[in-house]
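Structural overview
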Amino acid sequence: LRASLMLAVEMQDAEFAEQCQQMMKQGSQWVDANLFNGEYYIQKVRGIPANRIASGLRNGAGAADTMHPEFQVGDGCQVDQLVGQYMANVAGLGDLLDPSHIRKTLASILRYNYKASLAHHASVQRTYALNDESALVICDFTRGTLPEVPMPYYAEVMTGFEYSAAILMLAYDMQAQGVECIANIRRRYDGERRNPFDESEYGRHYARAMASWAAIPVLSGFRHDPTINAIEFHTNATASTQQGFWSTNTAWGTFKRSQSNIQFKVVYGSQKVKHVFLPPNAGHWSASQLNRSLASNTDTNPSNQKTRINLAEILEIRKGNSLLLIRN
């Protein structure tokens with residue numbers, strides 16, 4: 001709904017945008033009011049009479065007794081309960097739920113799902129981590145009640161789930177904890193214990209582990225909007241310097257930031273730039289390339305209050321060249 005809202009705004013469809021806004025608001029408020037238990041979000045299992053379900057949909061786990069379905073999570077703490085928020089953060093869609101609830105949930109995932117050692121962790125399912133290794137297990141029932149027949153792989157460890165939780169930690173002021181969770185995965189797949197190019201979960205070369213890539217844009221704070229040739233830096237205001245990697249659909253490169261300037265370099269491909277977005281109240285900036293000044297101005301984007309640097313013309317930065325932004 002949040003993505004549809006932004007698309008509707010982009011297409012100037014005010015009526016549909018309003019519908020999305022209202023449904024999104026109602027759904028978000030309902031989830032916070034009904035599924036947040038004070039520490040994390042739970043699953044409410046509600047039985048449905050079998051005659052109300054199409055027979056073609058009753059195929060698989062939990063379908064034998066639709067009034068009391070098996071293989072559920074219930075009030076356990078699930079590692080990927082915020083996977084939708086993870087995707088929203090990567091796409092720049094903002095908070096979908098109460099931010100304080102999101103932070104409490106991430107803290108609860110660390111409290112309940114994080115196992116510093118799996119030596120005494122009971123699991124009779126598939127073994128993707130073991131012994132003295134550290135991991136986030138899929139679902140923990142320390143606070144919740146373990147169903148008689150729970151979700152089959154609740155005690156397992158899968159890196160794709162771990163990454164989504166860890167990357168959310170990076171986005172919500174828990175960088176040390178998020179980096180630690182990612183480092184634990186890399187230690188398990190270090191080339192000696194396991195294949196570093198095959199983080200197994202459910203199957204070999206499983207695609208969900210590619211969630212690890214999201215750590216790069218979240219940590220670097222870089223975003224790109226090709227529709228308006230814009231690049232964006234969510235710079236870390238508490239750090240005196242910052243450097244990172246960026247990539248778009250046409251190029252990739254590096255950036256370096258100090259308190260007084262930002263250097264945006266293209267290492268491969270070419271990148272068009274017309275606007276540069278910085279956090280609100282970032283001051284006034286000028287732009288230059290190849291030691292020549294570029295006509296530009298700095299203003300505030302009315303829709304989100306971000307600082308916006310506007311180049312007079314679209315600049316195409318080619319391989320080996322840079323755009324230099326200087327704080328005035």
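Right above here is the structure, for reference.
Residue positions are counted from 1 within each chain, in the order its sequence is given. Given that the model is predicted, a residue must reach a pLDDT of at least 70 before its local features are reported, and side-chain atom pairs must reach 80 or more before they are shown or counted; all residues, however, enter totals for whole chains, interfaces and linings. Computation of side-chain values: all heavy atoms of the structure, hydrogens and water removed.

**Notes on the side chain of Asp 140**
Relative to the helices and strands, Asp 140 resides in strand E4 (residues 139-140). Residue classification places Asp 140 among the buried positions, given a relative accessible area of 8%. One polar contact links Asp 140 to Thr 142, side chain to side chain, over a distance of 2.5 Å. We call two residues in contact when some of their heavy atoms are within 4.5 Å. With sequence-adjacent residues up to four places away left out, Asp 140 is seen in contact with Gly 76, Cys 77, Tyr 112, Asn 113 and Lys 115. To qualify as a helix, a DSSP run of H or I must reach at least 4 residues; to qualify as a strand, a run of E must reach at least 2; elements of each kind are numbered from the N terminus. Relative accessibility decides the category of a residue: with a 1.4 Å probe and only protein chains considered, values under 20% of the type maximum give buried, values over 50% give exposed, and everything between is partly exposed. As used in this structure description, the phrase polar contact means that two N or O atoms lie within 3.5 Å; if the pair is within protein, one of them must be able to donate a hydrogen and the other to accept it, and residues adjacent in sequence are counted only when both atoms belong to side chains.

**Digging into the packing of helix H4 (residues 99-113) against helix H5 (residues 159-171)**
Here an angle of 0 to 180 degrees is reported between the N-to-C directions of two axes, which are lines fitted to C-alpha atoms, with helices fitted over the stretch in contact. Closest axis-to-axis distance for the H4/H5 pair is 10 Å, and the angle between their directions is 130°. If you check the angle between H4 and H5, you find them oblique. For H4 against H5, the interelement crossing comes out left-handed. When H4 is examined against H5, the residues Leu 106, Ile 109 and Leu 110 are found in contact with a partner set consisting of Ala 165, Leu 168 and Met 169. Here the term charged refers only to Asp, Glu, Lys and Arg, the term nonpolar to Ala, Val, Leu, Ile, Met, Phe, Trp, Tyr, Cys and Pro, and the term polar to all other amino acids, Gly among them. Classifying every residue of the contact of H4 with H5 by side-chain character gives six nonpolar, no polar and no charged. Oblique is the label for any angle not under 35 degrees, not over 145, and not in the 65 to 115 range, which are roughly parallel, roughly antiparallel and roughly perpendicular in turn. Rotating anticlockwise by less than a right angle from the far helix to the near helix defines a left-handed crossing, while the corresponding clockwise rotation defines a right-handed one.

**Here we look at helix H6 (residues 175-188)**
Here H6 contains 14 residues, and its C-alpha end-to-end distance of 20 Å stays within 8% of the 20 Å for a straight helix at 1.5 Å per residue. When we look at burial in H6, the residues that qualify are Gly 178, Cys 181, Ile 182, Asn 184, Ile 185 and Arg 188. The buried residues of H6 all sit within an arc of 150° when viewed along its axis, so they share a single face. On the buried face of H6, the contacting elements are H4, strand E2 (114-115), strand E3 (135-136), H5 and helix H7 (215-220). An expected span of 1.5 Å times one less than the residue number is assigned to each helix. The arc under discussion is defined with respect to the helix axis, by the directions toward the C-beta atoms.

**Brief notes about the packing of aromatic side chains**
One pair of aromatic rings is described through two measures. These are the centre distance and the angle between the planes. Between rings of Phe, Tyr and Trp, where Trp is taken as its six-membered ring, a pair exists when centres lie within 6.5 Å; planes separated by under 30 degrees are stacked, by over 60 edge-to-face, and by other angles tilted. Under the defined criterion, the tally for this structure stands at 13 aromatic pairs. Taken together, Phe 222, Phe 233, Trp 246, Phe 255 and Phe 264 form an aromatic cluster joined through their ring pairs. The rule for a charge over a ring is simple: NZ of Lys or CZ of Arg within 6 Å of the ring centre, and within 35 degrees of the ring normal. If you follow Arg 111 out to its NZ or CZ, it ends over the ring of Tyr 112, 5.6 Å from the centre. A cation over a ring is seen here: Arg 194 above Tyr 189, with NZ or CZ 5.6 Å from the ring centre.

**Regarding helix H3 (residues 83-91)**
The set of residues buried in H3 consists of Gln 85, Tyr 86, Ala 88 and Asn 89. Seen from one end, H3 has its buried residues packed into an arc of 165°, which puts them on one side. Seen from the buried face of H3, the exposed residues on the opposite side, beyond 90 degrees, are Met 87 and Ala 91. Contact partners of the buried residues in H3: H4, H5 and strand E5 (222-225).

**A word on the pairing of strand E8 (residues 251-257)**
Only one face of E8 is covered, namely the one carrying Ala 251, Gly 253, Phe 255 and Arg 257; the face carrying Trp 252, Thr 254 and Lys 256 has none of its residues buried. When DSSP finds two or more bridges between a pair of strands, those strands are recorded as paired. By the bridge criterion, six bridges tie strand E7 (residues 242-247) to E8 in an arrangement that is antiparallel. Bridge pairing in E8 links Phe 245 to Thr 254. Between the antiparallel neighbours E7 and E8 lie three residues. For E8 and strand E9 (residues 261-278), the ladder comprises seven bridges, and the chain directions are antiparallel. What sits directly across from Trp 252, in E9, is Tyr 268.

**Considering the nonpolar core**
Definition used in this section: a nonpolar core is a set of buried Ala, Val, Leu, Ile, Met, Phe, Trp, Tyr and Cys residues joined via side-chain atoms within 4.5 Å. Core analysis: the biggest nonpolar cluster contains 39 residues, and Leu 82, Leu 106, Leu 136, Ile 167 and Met 169 have the highest contact counts within it. Put simply, the parts of the chain that give this core at least two residues each are H4, H5 and H6. Ranked by residues supplied to this core, first place goes to H5 with eight residues. Not counting chain neighbours up to four residues away, the residues in contact with Met 169 comprise Leu 106, Ile 109, Leu 110, Leu 136, Met 174, Gln 175, Gln 177, Gly 178 and Cys 181. In this structure, Phe 233, Phe 264, Ala 282 and Ala 287 belong to the second largest nonpolar core, which totals 22 residues.

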